[in-house]
Amino acid sequence: MSRNVEIRKNAPRDSEDSLSSDITFHRTDGPQENPFLGKDEFEDIFGAESQFVSSSGQDLRNPFLSDDRPGRMDQVNDPNNAYVRATGADVRKIEIPLRNFADPIQNEDYIHERRHGFFERLKSLKRVFKKKEKPIDPKELGPRIITLNDYTANHFLNNIVSTCKYNAVSFLPKFLREQFSKYSNLFFLFTAVIQQIPGITPMNRYTTIAPMLVVLSLSGVKEVMEDIKRKNQDEEMNTSVSHVMQGTGFVEKQWREVQVGDIVKVVSETFFPADLILLSSSEPEGLCYIETANLDGETNLKVKQALPETSNLLKPIELSQLEGTVKSEQPNNSLYTYDATLKLLPNDRELPLGPEQLLLRGAQLRNTHWVYGVVVFTGHETKLMKNTTETPIKRTAVEKQVNTQILYLLFIFVFLCFCSSLGSLIQRSVYGSAFSYLLITTSRGGEFFKQLLTFWILYSNLVPISLFVTFELVRYVQAQLISSDLDMYNEETDVPAACRTSSLVEELGQVGYIFSDKTGTLTRNQMDFRQCSIAGLAYADVVPEDRQYSEELDPDMIIYDFSTLKKNLDSSNGDLIHHFLLVLSICQTVIPEFDETSNSMKYQASSPDEGALVKGAVSIGYEFIARKPRYVTVRLFDKEETYELLNICEFNSTRKRMSIVFRCPDGKIRLYIKGADTVILDRLVGDCPYLTTTIHHLEDYATVGLRTLCIAMREISDYDYQRWATIYEAASTSLVDRAQKLMDAAEMIEKDLTLLGATAIEDRLQDGVPDTISTLQTAGIKIWVLTGDRQETAINIGMSCKLIDEDMGLVIVNEQTKEATAESIMSKLSSIYRNEHNSGNIESMALIIDGVSLTFALERSLERRFFELASLCRAVICCRVSPLQKALVVKMVKRNTDSILLAIGDGANDVPMIQAANIGVGISGMEGLQAVRSSDFSISQFCYLRKLLLVHGSWCYQRLSKLILFSFYKNVALYMTQFWFAFCNAFSGQVTYESWSISLYNVLFTVLPPIVIGIFDQYVSASQLYQYPQLYQLGQRGEFFNLKRFWAWIANGFYHSLLLFLCSIAVFDSDGPNSNGPTSGHWVWGTTLYAMILATVLGKAALISNHWTYYMVIATLGSFVFWLVFMPIYAVVAPAIGFSKEFKGIIPYLHGNLKFWASLFVFPTFALMRDFVWKYSSRMYYPEEYHYVQEIQKYNITDYRPRMIGFHKAIRKIRQMQRMRKQRGYAFSQGEEDQSRILDAYDTTHVRGAYGEMR
């Protein structure tokens, strides 16, 4: 079945890469399910070879394999072939042009190129002269020598960790550097300095420096408040309690007091305070279980084991007497490697230490009573912190645009200053005698320079000094609105949303890429046994109403509950059910232990899937109660049975199954096996009467995102077992290629199986994850999942959370060398372009790449090819990646696109990714708060990301865009009149308005409209933004804030200032004497013009507001009324106290002048008429996308789409079931470790000793 996929947009090719013009695109018929997998990968997923071959002789689902059937190519090149007749082309000779992947510098038309303007080139020039520090290789420093139990001999970094942005020393230089990176602040600093020069300034000398100090102070207070929050969170972690050896026992100390060389005791369910070397544990042979979800995202437990020489150190007195040294490698960021030696006195032998003995900070001790360890790395030298970077100072794209736009204003400003100074010079030259009374003694050049500084001060307010303080204030309020949003409050955990960095709120409305962790972010870290199929009958813990037993319902559709399953143990299929439950209960590597506090059995499972299956069996009545090295005991309802464990054929990603051979209580030898359906179903004996029904059940489970396993068994005769056991024993002791020989031996016995059924485990997603991902994709956001889990698990979760849907083909890159990775990426690109050539479009795809291949793909010679491939895919999943790789992926995308990147995660392993992205979001989840501490925003569930971006993000971006543009406009509208007036006063530098009125214009009279717009304006409601997520693309495209809109607002400001200036001149040009004789004078005219500008600017604010509230009425009408009240009071008080004398005696002339009142109402209305006509015509004749939604919202128009959405959902359901018949995930996240050595070490029938150790 061909699939119509949206044609790739904006993807022109170079002429050398374009396809031959005489080749006509055509759509190839037949099911092109997945053209991007190697043959083995394809068969693993789809379970069968392709039966469809393209006209070019290629397998359409695997075009890298040609079809060599006799006569096939003759048929293809037959002149009667429709395609050959249409094009005249020999399809064997069609070449898909490939670029040279070895060349990192080449023209890439598909990938958006950054345009390097003047400022970018200036920055690159600065980087050339910047001193480069050569990174130090830790290997060059030699080993680190650590002395045990000797605090005076070890002098290393302390264990204090800080994620703060500033400290007491760095605050001032860092803050000033950040503030004065804004060109406006540099401009006002220079203006404030020259304003202090006597005889230069035409205004009060403090009218610039005072507002600037207020702006910097408010910004500094905000930065300090936000950094105090980070400091408090760091303090909470640094003051956590640990148990440190002191004297002959352990004492409680804070984490910050832990030092290298200390011996530390860590108890179950707690985190390691530093990087430790495992000395001993409460478990046999020094074994312990740790969970590293906080480090690599994997939920399965890792097994660590102490050296035999230290594993018997169980008493504190023995540890206190321990003497020796650790020769360790230097701190580095490699989580999976470690080299060191341990020398214990009085022995002189060095014992090797490796990753198996290393316990990393950030990991959690699980299913182990306690461990003892010696500290080797602390604080920022731990491997976890080495994978993090310094808290970056992030600047938004809007801020950078504002900086550029302020530079444009500065160019205009300098041009106006130069023109005015030149005009003054011309006036002096032409009419010099008329200005003799001024007693000008300086040269023309000196006078020109002096006038230039005068006009610099006079026009300096053209750049809005209040913009950034208003900007920061509104950002802060928006951050509080986000934090107080009840829709993002998790009542269950009592965790609200939190905005930890208010300076990034507008970026939320422009996100183009989301990089998400899987474990704890998309999922809940919780596995539950939900359903099973046994002998063709389906069972579930909760049965849907439409699937309950009914005579009218098809037997395959009926689901029974688990109570019916227990009853069926006495039915004809009881024997199959018994063996099925036995497999769940004993075919595993779980360690059982009775918990006296809860009076129940506790299971130590290295795989969460195995733990879920064992607990599922317990809920039905098959309770696993004891394990010995060669025996396991199960309680079957009221009786106990013991099974002798003979052999284990362990799981690995190649086998996709595990099996155990038991001698059962009845004396028979049986093989119990569980694994992926693709490997189990191929090994069944004969015909299974319920095979088809079981497959249907597997498809049902996979369709709803459950993780499936097939369960089977085989009875083995003593003779066959003895023969096989000999082969197995030889393989297990082989010194050459042991792993392969063990796999071959397992293959010999894992055949002729009897199918028992299938299981379905739910890897529980966070609430609303599928809908959230679907909505965000509809909004035009690309989602990449970066996880430490293995490939199969990642794909399975991708399907269940709807990141990968039924229409997508899977592009899998899983190679072991750079050359193979490059070849794989290029072949995938070749196939994509070949399919585009054949069908005319690019189908929907998801890219899956593992950590090893990703390492090579991120190299500079290959990264652009990798990004090109990823850009062609709707979704990307990177599996088995380290924390550092997560950050490198984000940085790679940042280098190749101008889009805003958001990273979201919940663990310490996500911190590098969160810090590398433009926006970091932390999930307050189960993995501690390290990600939250390093994030810019925190939420408690992934689903809240939808409102955070689509609603708050869209509103913040649109509001702040309007705030900035309005601030530019209102300053231009007022202060450009100073320039127009210069033509009337012979460029003398005379001011139009009273000095403090100029400063109060921004501080008092027009401060409220941009604040109210920035806080309360809504261009559409939240419900409409949910209903139409496509509106989010307005922010991605920068529709509300760009150069076009900037110049439109600046031009509007020029227009209003010139129009109102000319109107005021026309009115007061023939100004006659007032009733008492004198004319009105300069200050009456200037104040009238000031009032006209103020009324126009406030009217403009009212005109652009989309959401009217009482606050908007106060901000517009209230501000003008406030000026009418304030002005006469100020005009009387200021001259009386000597503060300002310009307004002395002006009020009677101003308020008694009819021209003032007429101008106040007539001319602002006239000036705004053009704006009203423009708004009407643009909405009626040239509407934008959100205008339609505003109409729908205003008139409450019924949306016809819900029925269509339901129809499309039904269609997708059918397609999904068809896809799942070919591809099903399986539940097996167990680590590929030597499980047999762990099982041999445990005897759970023994009681624990005085120190909790397993005897």
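Everything quoted here is computed from the prediction, not taken from an experiment.

## Details of the overall build of the protein chain
Secondary structure assignment for the protein chain yields 41 helices and 36 strands. The buried share among the 1255 residues of the protein chain stands at 57%. Here the protein chain has roughly 53,800 Å² of accessible surface; of this, 57% comes from carbon and sulfur atoms.

## Side note on the UniProt feature "transmembrane region" (unreviewed entry) in the protein chain
Sequence positions flagged by UniProt for "transmembrane region" (unreviewed entry) are, in local numbering, residues 406-426, 453-474, 963-983, 995-1016, 1046-1068, 1083-1103, 1110-1134 and 1154-1173. Secondary structure over residues 406-426 splits into 100% helix and 0% strand, and the C-alpha atoms at its two ends are 30 Å apart. For the annotated span residues 1083-1103, helix accounts for 100% and strand for 0% of the residues, and the straight-line distance between the end C-alpha atoms is 30 Å.

## Focus: the pairing of strand S22 (residues 600-604)
Bridge analysis of strand S21 (residues 591-595) against S22 gives five bridges, and the strand direction is antiparallel. Each residue of the ladder has a partner; that of Phe594, found in S22, is Met601. Between S21 and S22, which follow one another and run antiparallel, lie four residues, and Asn599 among them has a positive phi close to 55°.

## Brief notes about unusual backbone geometry
Most peptide bonds take the trans form, and the phi angle of most residues other than glycine is negative. With an omega of 10°, the peptide bond between Leu345 and Pro346 qualifies as cis. Here Pro346 is to be found in the loop between strand S11 (340-344) and strand S12 (350-353). We note that Asp494 has phi near 55°; this positive angle belongs to a residue other than glycine. Tracing the chain through its elements places Asp494 in the loop between helix H13 (467-483) and strand S16 (498-499). Although it is not a glycine, Phe637 adopts a positive phi angle of roughly 60°. Checked against the element boundaries, Phe637 lands in the loop between strand S24 (631-636) and strand S25 (639-649).

## Some words on helix H5 (residues 171-179)
Of all the positions in H5, only Phe175, Glu178 and Gln179 are classed as buried. Within H5, the buried residues cover an arc of 95° as seen down the axis, which keeps them to one side.

## Notes on the sheet that holds strand S13 (residues 358-359)
The sheet built from six strands is open, its strands ordered S5-S4-S6-S15-S7-S13 with antiparallel pairing. If you trace the sheet from one side to the other, it starts and ends with strand S5 (249-254) and S13, each paired once. Pairing geometry for strand S4 (residues 241-246) and strand S6 (residues 263-267), over two bridges, is antiparallel. From the neighbouring strand, Val244 faces S6, where its bridge partner is Val264.

## A word on the nonpolar core
Grouped together as the largest cluster of nonpolar side chains are 161 residues, with contacts concentrated most on Ile514, Leu902, Phe937, Leu945 and Leu949. It is helix H29 (residues 944-982) that provides the largest number of residues to this core, a total of 25 residues. Those residues in contact with Leu945, other than ones at most four positions away along the chain, are Ile514, Leu776, Leu902, Ile904, Val921 and Ile939. Of all hydrophobic cores here, the second largest spans 75 residues; its members include Phe562, Ile648, Ala676 and Met713.

## Some words on the side chain of Glu329
Relative to the assigned elements, Glu329 resides in the loop between strand S10 (324-328) and S11. Judged by relative accessible area, Glu329 falls into the buried class, the value being 16%. Only 3.3 Å separates the side chain of Glu329 from the side chain of Lys383, close enough to count as a polar contact. With residues up to four places along the chain from it excluded, the contact list for Glu329 reads Arg144, Thr337, Tyr338, Asp339, Phe377 and Lys383.

## Digging into the packing of aromatic side chains
Think of a pair of aromatic rings as described by two things: how far the centres are apart, and how the planes are tilted against each other in angle. Under the defined criterion, the tally for this structure stands at 49 aromatic pairs. Aromatic pair Phe966 and Tyr969: ring centres 6.0 Å apart, planes at 40°, arrangement tilted. Here the residue Phe966 and the residue Tyr969 both occupy positions in helix H29, the gap between them amounting to three residues, near one helical turn. Judged by centre distance (6.1 Å) and plane angle (75°), the rings of Phe1061 and Trp1085 are edge-to-face. One end of the pair, Phe1061, is in helix H34 (residues 1043-1068); the other, Trp1085, is in helix H35 (residues 1082-1104), with 24 residues separating them in the sequence. Taken as a pair, Phe1061 and Trp1085 share a single burial class, namely buried. Taken together through their ring pairs, the aromatic side chains of Tyr975, Tyr993, Tyr1001, Phe1005, Tyr1090, Phe1120, Phe1122, Trp1123, Phe1126, Tyr1130 and Phe1143 make up a single cluster. Directly above the ring of Tyr1026 sits Arg946, whose terminal nitrogen or CZ lies 5.1 Å from the centroid. Between Lys1155 and the ring centre of Phe1068, over which it is positioned, the NZ or CZ distance is 5.9 Å.

## As for the sheet that holds S12
Spatially, four strands are ordered S3-S10-S11-S12 in an open sheet, and the strand pairing comes out antiparallel. Because the sheet does not close on itself, it has two edges, and the strands there are strand S3 (144-147) and S12. Across the sheet, the axes of successive neighbouring strands diverge by a mean angle of 20°, strand direction being ignored. Sheet analysis places S10 next to S11, joined by five bridges and oriented antiparallel. Within S11, the position partnered with Gly324 by the bridge is Leu344.

## Regarding the pairing of S4
Relative to S5, S4 runs antiparallel, the two being bridged by six bridges. Pairing of Gln246 across the sheet is with Gly249, part of S5. If you look at the hairpin formed by S4 and S5, you'll find two residues sitting between the two strands, and Gly247 has a positive phi there, around 75°.

## As for the pattern of salt bridges
One side chain can pair with another of opposite charge once the charged atoms of both are near each other. Following the criterion strictly, the structure yields 41 salt bridges and no others. Between Lys327 and Glu350 there is a salt bridge whose closest N-O contact spans 3.7 Å. In this pair, Lys327 sits in strand S10 while Glu350 sits in strand S12, placing the two residues 23 residues apart along the sequence. Judged by its relative accessible area of 37%, Lys327 is partly exposed. Among the ionic pairs, Arg475 bridges to Glu506, the shortest N-O distance being 2.5 Å. In this pair, Arg475 sits in helix H13 while Glu506 sits in the loop between S16 and strand S17 (511-516), placing the two residues 31 residues apart along the sequence. Assigned by exposure class, Arg475 and Glu506 land together as buried. Among the charged side chains, a salt-bridge network with shared partners connects Arg655, Arg657, Arg683, Glu747 and Glu750.

## A closer look at a nonpolar patch on the surface
Together, Trp1108, Val1113, Leu1117, Val1121, Val1125, Ile1129, Val1132, Val1133, Ile1137 and Phe1139 give the surface a local cluster of nonpolar side chains, amounting to about 950 Å² of exposed area. Following the sequence through the fold, Ile1129 ends up in helix H36 (residues 1110-1137).

## Structural notes on the packing of helix H11 (residues 397-430) against H13
H13 packs onto H11 with a crossing angle of 165° between their chain directions and a minimal axis gap of 13 Å. Comparing the axis directions of H11 and H13 gives the class roughly antiparallel. The hand of the H11/H13 crossing is right-handed. Seen from H11, the contacting residues are Val398, Glu399, Val402 and Ile406; seen from H13, they are Leu467, Phe468, Phe471, Glu472 and Arg475.

## A few points about helix H19 (residues 718-732)
Quick reminder: α-helices carry 3.6 residues per turn. Residues three or four places apart thus point the same way. If you check H19, its first and last C-alpha atoms are 20 Å apart, about what 15 residues at 1.5 Å a residue would give, namely 21 Å. What H19 keeps buried is the set Tyr721, Trp724, Ala725, Tyr728 and Ala731. Looking down the long axis of H19, one finds its buried residues gathered within 120° of arc, a one-sided arrangement. Away from its buried face, by an angle of more than 90 degrees, H19 presents the exposed residues Tyr719, Arg723 and Thr726.

Cut-offs applied
- Residues numbered from 1 in each chain as written.
- Predicted model: local features only at pLDDT ≥ 70, side-chain atom pairs only at ≥ 80, totals over all residues.
- Heavy atoms only, no water.
- Helix = DSSP H or I, 4+ residues; strand = E, 2+ residues; numbered from the N terminus.
- Buried < 20%, exposed > 50% of the residue type's maximum accessible area, 1.4 Å probe, protein only.
- Areas by Shrake-Rupley, 256 points an atom, 1.4 Å probe, with all protein chains shown as cover.
- UniProt positions renumbered as here; feature names shortened; annotations may be inferred.
- Pairing = 2+ DSSP bridges.
- Arc of directions from axis to C-beta.
- Core = buried A, V, L, I, M, F, W, Y, C linked by side-chain atoms within 4.5 Å.
- Contact = heavy atoms within 4.5 Å.
- Polar contact = N/O pair within 3.5 Å; in protein donor to acceptor, adjacent residues only side chain to side chain.
- Phe/Tyr/Trp six-rings, centres within 6.5 Å; stacked < 30°, edge-to-face > 60°.
- Lys NZ or Arg CZ within 6 Å of the ring centre and 35° of its normal.
- Axes fitted to C-alpha atoms, helices over the stretch in contact; angles between N-to-C directions.
- Salt bridge = Lys/Arg side-chain N within 4 Å of Asp/Glu carboxyl O.
- Patch = residues over 30% accessible without salt bridge, like charges linked within 9 Å, V, L, I, M, F, W, Y side chains within 5 Å.
- Parallel < 35°, antiparallel > 145°, perpendicular 65-115°, else oblique.
- Left-handed = near helix turned anticlockwise from the far one by under 90°.
- Expected span 1.5 Å × (residues − 1).

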